[in-house]
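As a plain string of letters, each chain reads:
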Amino acid sequence: MLVHNPVLEKPVLHPHPSVPVAASQLHVAIICDGNGRWATSRALSRSAGHRAGAEAARRVIRCAPHLGIHTLTLFALSSANWARPAAEVAAILQILQEYLAAETSHCLDEGIRLTIIGRRDRLPANLREAIAGSEALTANGRKLHLRLAIDYSARHTIFQAASKFYKVTDLSSEAFGNILAEVQRGGSTDVDLLIRTGGEQRLSDFLLWECAFAEFCFLPKRWPDFTPKDLRDMVKEFEQRERTRGGLPHEAAF
């Protein structure tokens, strides 16, 4: 039985601020950490924390296109999370299925393409069917590419790509990257901004290849408390950073 959570019933405002042209094609990836700790600190079940995390995801997804974000990747379930108690994993999977059922029509109406990255062979059959249905219905969305990482491991994904790449004669980084995108379904692009909530400061096997030149932002705030304003502030901070990709700043002279 989930504990009643009045926090989720409060109305949420979704600011639609203007953003600089430079921010118009961002890939933002978020490690949505801290759901369980958020719940236990409020004497709620961990499942209630994951439901609150789903609400935070809804808020962020609705505001992302207005911040110049073209791809948003959310880390929903790590392959390492199978080590958690079976009841908690089952609750997460159930919430994910409910989320797909509730949000697919919204994604379709708003022009949002939804794809799932990660393994599917270990997911329940009904969840696999729901994923396939959501992906098919939203395939033509162009406003935002929303990617949910479920049973995801970057190392496993890279291994899969390497296994396919072994049979390819064109040994280039670009060719390998194309195969990696194919393995992940729906393609992939380099991450511009990586955000992690919950206070931890590590990648946790998330988008290792794509984050090679990403800017990182780590927040102590737990994921259920993350707001559209937080995302807007992170994008603004990102715009202030100078990304040299190993080169020199533009004003630097030899």
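Nothing here was measured: the structure is a model prediction, and the numbers come from that model.

About the criteria used
- Residues numbered from 1 in each chain as written.
- Predicted model: local features only at pLDDT ≥ 70, side-chain atom pairs only at ≥ 80, totals over all residues.
- Heavy atoms only, no water.
- Pairing = 2+ DSSP bridges.
- Helix = DSSP H or I, 4+ residues; strand = E, 2+ residues; numbered from the N terminus.
- Axes fitted to C-alpha atoms, helices over the stretch in contact; angles between N-to-C directions.
- Contact = heavy atoms within 4.5 Å.
- Salt bridge = Lys/Arg side-chain N within 4 Å of Asp/Glu carboxyl O.
- Buried < 20%, exposed > 50% of the residue type's maximum accessible area, 1.4 Å probe, protein only.
- Phe/Tyr/Trp six-rings, centres within 6.5 Å; stacked < 30°, edge-to-face > 60°.
- Polar contact = N/O pair within 3.5 Å; in protein donor to acceptor, adjacent residues only side chain to side chain.
- Expected span 1.5 Å × (residues − 1).

Draft legend 1. Up close: the sheet that holds strand E5 (residues 193-196). If you walk across this open sheet you meet the six strands as E3-E4-E2-E1-E5-E6, and the pairing is parallel. Since the sheet does not close on itself, it has two edges, and those belong to strand E3 (112-117) and strand E6 (215-218), each with one partner. Sheet twist, expressed as the average angle between the axes of neighbouring strands with direction ignored, equals 20°. In this structure, E3 lies alongside strand E4 (residues 144-152), joined through six bridges in parallel fashion. Along E4, the bridge assignment pairs Arg113 with His145. Strands in contact with helix H2 (residues 46-63) are strand E1 (26-31), strand E2 (69-78), E3 and E4; relative to E2, the strand with the most contacts, it is inclined by about 165°.

Draft legend 2. A look at the pattern of salt bridges. A full pass over the atoms with the stated rule returns 18 salt bridges. Arg62 is the partner of Glu103 in a salt bridge, and the nearest nitrogen-oxygen pair spans 3.2 Å. Of this pair, Glu103 sits in helix H3 (residues 86-110) while Arg62 sits in helix H2, and the two are 41 residues apart along the sequence. Here Glu103 falls in the buried class, since its relative accessible area comes to 7%. Between Glu88 and Arg84 there is a salt bridge; the shortest N-O distance is 3.1 Å. A residue is classified by how much of its surface remains accessible, and Glu88, at 9% relative accessible area, is buried. Several salt bridges share partner residues, and in doing so they unite Glu55, Arg58, Arg62 and Glu103 into one network.

Draft legend 3. Spatial organisation of the packing of aromatic side chains. If you walk through the whole model with that rule in mind, you get five aromatic pairs. Summarising the aromatic geometry, the rings of Tyr152 and Phe206 are spaced 5.9 Å apart at their centres and angled 85° between planes, so their arrangement reads as edge-to-face. Pair noted here: Tyr152 is in strand E4 and Phe206 is in the loop between E5 and E6, with a separation of 54 residues, a long-range link. For the residue pair Tyr152 and Phe206, the accessibility class agrees, reading buried in each case. For the ring pair Phe216 and Phe218, a centre distance of 5.9 Å and an interplane angle of 80° mean the geometry is edge-to-face. In textbook terms, an aromatic cluster arises when at least three aromatic residues are bridged by ring pairs, as seen for Phe75, Tyr152 and Phe206.

Draft legend 4. Layout of the side chain of Asp33. Here Asp33 is to be found in the loop between E1 and helix H1 (35-40). The class of Asp33 is buried, set by a relative accessible area of 16%. A polar contact of 3.2 Å, which involves the side chain of Asp33, links it to the side chain of Arg37. Apart from the residues within four sequence positions on either side, Asp33 is in contact with Arg196, Thr197, Gly198, Glu200, Arg222 and Trp223.

Draft legend 5. Summary view of H2. Compared with the 26 Å implied by 1.5 Å per residue over 18 residues, the 26 Å span of H2 between its first and last C-alpha is a close match. Burial runs high along H2: 14 of the 18 residues are buried.

Draft legend 6. Spatial organisation of the pairing of E1. Among the six residues that make up E1, six are buried, leaving the element largely enclosed by the rest of the structure. Every second residue of E1 is oriented toward a common face, with Leu26, Val28 and Ile30 on one face and His27, Ala29 and Ile31 on the other, all of them buried. In the sheet, E1 pairs with E2 via six bridges, with the strands oriented parallel. Directly across from Ile31, in E2, lies its bridge partner Phe75. As judged from the four bridges shared by E1 and E5, these two strands associate in the parallel manner. Along E5, the bridge assignment pairs Ile31 with Arg196.

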